[in-house]
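# Fold and contact review
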Amino acid sequence: MGKAKLTIIELFSGIGSQIRGINNTGLWDCTVVNTSEIDKNAMVSYATIHCGLSNEMIINSKYPSREQMAQYLTDRNIGFDFKKHQHYDWLKLARKNNNELNKYYLACILSRNLGDISSIESLNYADLWTYSFPCTDISVAGKQEGIKKGKTRSGLLYEVERLLELAVQNKNQPKYLLLENVKNLVGSKFKRQFDEWLNRLNELGYNTYWEIVNSKNCGIPQNRERCFAISIRKDIDTIKFKFYYSAFEMCQ
């Protein structure tokens, strides 16, 4: 019997930690429909790790004009600098006689990267959306400016809400949602907002199960706690979901 097929959209995809973890379980035959990421170097890392991007491929691939590539990356807001609130100058890079522009363009194509989540009009169907939104404004290591719509990086969570609302309207909402973020998301300062988010998911037709998971309990030699939330569409939810930390537990 073959593996179950699973189509995935990775929002805030980074270097693809979620898809790597899912693939490592060996339970599914996964296909990534799209990613969404604006960090240009994370995008290149993703394409290298998951899509086979190599120097040889960069040199030997065929490309549109350099101006067209620059515009393609600009339209997706790749390389935006949140600290300076500044867009990356792709046309400037296009004027340089090297393979840097080719590398970023090819990485974007290979990873099926839609770019800036706030510019995505709608998403095609996928069984699972991962949406580990930026922890910048909720982490204890940061300024904790909060999850503020349109004002903070962590506020990009509400772009997920917008896209999910539209998917529900179009009746192509995913079966599952996967969130991973810092433990402080359910700390005293942000727990109320987290609960409001779970209530919104409930209104949109999802039951959500969450837990603080420590990597040391998952075979990783590191004490690293993270909040994981799994949302399951109510029409397919058996109300039996449980977090497991090993194959041994799954057999009990």
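Description of the structure in this document. Everything quoted here is computed from the prediction, not taken from an experiment. (Residues numbered from 1 in each chain as written. Predicted model: local features only at pLDDT ≥ 70, side-chain atom pairs only at ≥ 80, totals over all residues. Heavy atoms only, no water.)

### Some words on the overall build of the protein
When helices and strands are counted, the protein shows 9 helices and 6 strands. Taken over the C-alpha trace, the protein has a radius of gyration of 19 Å; the compact-globule value for 252 residues is 18 Å, and the two agree within 12%. Taken along its principal axes, the extent of the C-alpha atoms in the protein is 60 × 45 × 45 Å. Across the 252 residues in the protein, those meeting the buried criterion constitute 44%. Taking all contacts inside the protein whose residues are at least 6 apart in sequence as the whole, residues at least 24 apart take part in 71%. Accessible surface for the protein amounts to roughly 14,200 Å². Of this, 49% is attributable to carbon and sulfur atoms. (Helix = DSSP H or I, 4+ residues; strand = E, 2+ residues; numbered from the N terminus. Rg over C-alpha atoms; globule rule 2.2 N^0.38 Å. Buried < 20%, exposed > 50% of the residue type's maximum accessible area, 1.4 Å probe, protein only. Contact = heavy atoms within 4.5 Å. Areas by Shrake-Rupley, 256 points an atom, 1.4 Å probe, with all protein chains shown as cover.)

### Section: the packing of helix H2 (residues 40-51) against helix H6 (residues 100-110)
Here H2 crosses H6 at 60 degrees, and the two axes come no closer than 9 Å. Between H2 and H6, the interaxial angle falls into the category oblique. Note that H2 runs across H6; the crossing there is left-handed. For the pair H2 and H6, the contacting residues are Lys 40, Asn 41, Met 43, Val 44, Ala 47 and Cys 51 in the first and Lys 103, Tyr 104, Ala 107, Cys 108 and Leu 110 in the second. Of the residues contributing to the contact of H2 with H6, the split by class is 8 nonpolar, 1 polar and 2 charged. (Axes fitted to C-alpha atoms, helices over the stretch in contact; angles between N-to-C directions. Parallel < 35°, antiparallel > 145°, perpendicular 65-115°, else oblique. Left-handed = near helix turned anticlockwise from the far one by under 90°. Nonpolar A, V, L, I, M, F, W, Y, C, P; charged D, E, K, R; others polar.)

### Observations concerning the pattern of salt bridges
Scanning the entire structure with this criterion turns up 11 salt bridges. One salt bridge in this structure joins Asp 195 and Lys 191, with 2.8 Å as the shortest N-O distance. Of this pair, Asp 195 and Lys 191 both sit in helix H8 (residues 191-203), 4 residues apart, which is roughly one turn of the helix. Residue classification places Asp 195 among the partly exposed residues on the basis of a relative accessible area of 28%. (Salt bridge = Lys/Arg side-chain N within 4 Å of Asp/Glu carboxyl O.)

### Section: the environment of Lys 175
Mapped onto the secondary structure, Lys 175 falls in the loop between helix H7 (157-170) and strand E4 (176-182). Considered as a pair, Lys 175 and Leu 128 are 47 residues apart in the sequence and their alpha carbons are 6.1 Å apart. For Lys 175, the contacting residues outside a window of four places in its chain are Tyr 125, Ala 126, Asp 127, Tyr 206, Ser 231, Ile 232, Arg 233 and Ile 236.

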